[in-house]
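# A look at the structure
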Amino acid sequence: ASYPARINNGKDLKIDFSLVNTGSSPFYYSWPVEVSLIDPQSHEKVWGGILNDVDIASWMPGENWSVEEEGSLPLEGVQSGKYILALSILDPAGNLPSVRFANTNYIEGGYTVLGYIGVDCDIDEYQLDESLFFDIQSDKTLRYEIQK
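Residues numbered from 1 in each chain as written. Predicted model: local features only at pLDDT ≥ 70, side-chain atom pairs only at ≥ 80, totals over all residues. Heavy atoms only, no water.

### Brief notes about the environment of Ile107
Note that Ile107 resides in strand β8 (residues 106-107). Judged by its relative accessible area of 1%, Ile107 falls in the buried class. Sequence separation of Ile107 and Glu44 is 63 residues, and the distance between their C-alpha atoms is 9.9 Å. Among all residues touching Ile107, those that are not within four sequence positions of it are His43, Ile84, Val113 and Phe134. (Helix = DSSP H or I, 4+ residues; strand = E, 2+ residues; numbered from the N terminus. Buried < 20%, exposed > 50% of the residue type's maximum accessible area, 1.4 Å probe, protein only. Contact = heavy atoms within 4.5 Å.)

### Concerning the layout of surface pockets
Taking a probe equal in size to a water molecule and rolling it over the atoms shows the remaining empty space. Reported here for the largest pocket is a volume of approximately 450 Å³. Considering the residues around the largest pocket, the lining is formed by 24 residues, among which Leu19, Val20, Phe101, Ala102 and Asn103 are closest to the centre. The set of elements that each furnish at least two residues to the lining of the largest pocket consists of β2 (12-20), β6 (81-91) and β9 (111-119). Examining the composition of the lining of the largest pocket, we find that four residues originate from one element, β2, more than from any other. Here the lining of the largest pocket is built from residues that sort into 14 nonpolar, nine polar and one charged. Its boundaries defined by the atoms lining it, the second largest pocket holds a volume of some 240 Å³. (1 Å grid on protein atoms, 1.4 Å probe; cavity = no way out; pocket = protein on both sides within 12 Å on 5 of 7 lines; lining within 4 Å. Points joined across faces, edges and corners; volume = space filled by probe spheres on them. Nonpolar A, V, L, I, M, F, W, Y, C, P; charged D, E, K, R; others polar.)

### Quick notes on the environment of Ser88
Along the chain, the position of Ser88 falls in strand β6. In sequence terms Ser88 and Gln41 are 47 residues apart; their C-alpha atoms lie 19 Å from each other. In this structure, Ser88 is in contact with Pro32, Val33, Glu34, Ser36, Pro97, Phe101, Gly110 and Tyr111, ignoring residues within four places of it in sequence.

### Focus on unusual backbone geometry
Despite not being glycine, Asn95 shows a phi value in the positive range, around 55°. Within the secondary structure, Asn95 sits in the loop between β6 and β7 (96-99). Residues other than glycine seldom take positive phi values, yet Asp120 does so here, at roughly 55°.

### Quick notes on the nonpolar core
Val33, Val35, Leu37, Trp47, Leu51 and Trp59 are the most contacted members of the largest nonpolar core, which totals 25 residues. Listing elements by their share of this core, those giving two or more residues are β2, β3 (33-38), β5 (66-74), β6 and β9. The contacts of Leu37, once residues within four sequence positions are left out, are Glu44, Lys45, Val46, Trp47, Leu75, Val78, Tyr83, Ile84, Leu85, Ile117 and Val119. Ile38, Ala86, Tyr111 and Tyr116 belong to the second largest nonpolar core, which has eleven residues in total. (Core = buried A, V, L, I, M, F, W, Y, C linked by side-chain atoms within 4.5 Å.)

### Overview of the side chain of Glu34
Within the secondary structure, Glu34 is located in strand β3. We classify Glu34 as buried; its relative accessible area is 6%. Residues contacting Glu34, with those up to four places away along its chain left out, are Lys45, Gly48, Gly49, Ile50, Ala86, Leu87, Ser88 and Leu90.

### Focus on the side chain of His43
Turning to its location among the elements, His43 is positioned in the loop between β3 and β4 (45-50). His43 gets classed as buried once you look at its relative accessible area, which sits at 19%. Not counting the four nearest positions on each side in its chain, His43 is found in contact with Ile38, Ile84, Ile107, Leu132 and Phe134.

Note that all results are geometric; they support no functional claim without further evidence.
Here it is as structure tokens:
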């Protein structure tokens, strides 16, 4: 993934990422992909936005298919500070993370971690310590929920 080290409120957060669908089948529906800012202490999401131009139904399975995605989201209303930047795939019925990427950079709740990012401030550390990551197999928090 590629993203700026610092983003200011009122500006667009630009992100590029590449991936390979290592599963055995394609996604049959284009569920939303969310970019999130996670509080580094509580691991709670403080901001999120949907990448509207990303269509996961085009992510074909197999090692010969690599996907390049890019997007831009306006950032507003986030307190100044250092955050964890993460991606997630949301179930459209409840807008909750419901699909896990096959990745070790994982935070409980369905978030694939990209690294640190500064909001309205510069930071000197971008790479997270591996000890902060959760065991993806033991995460029992993912669920489906229908919005009323």
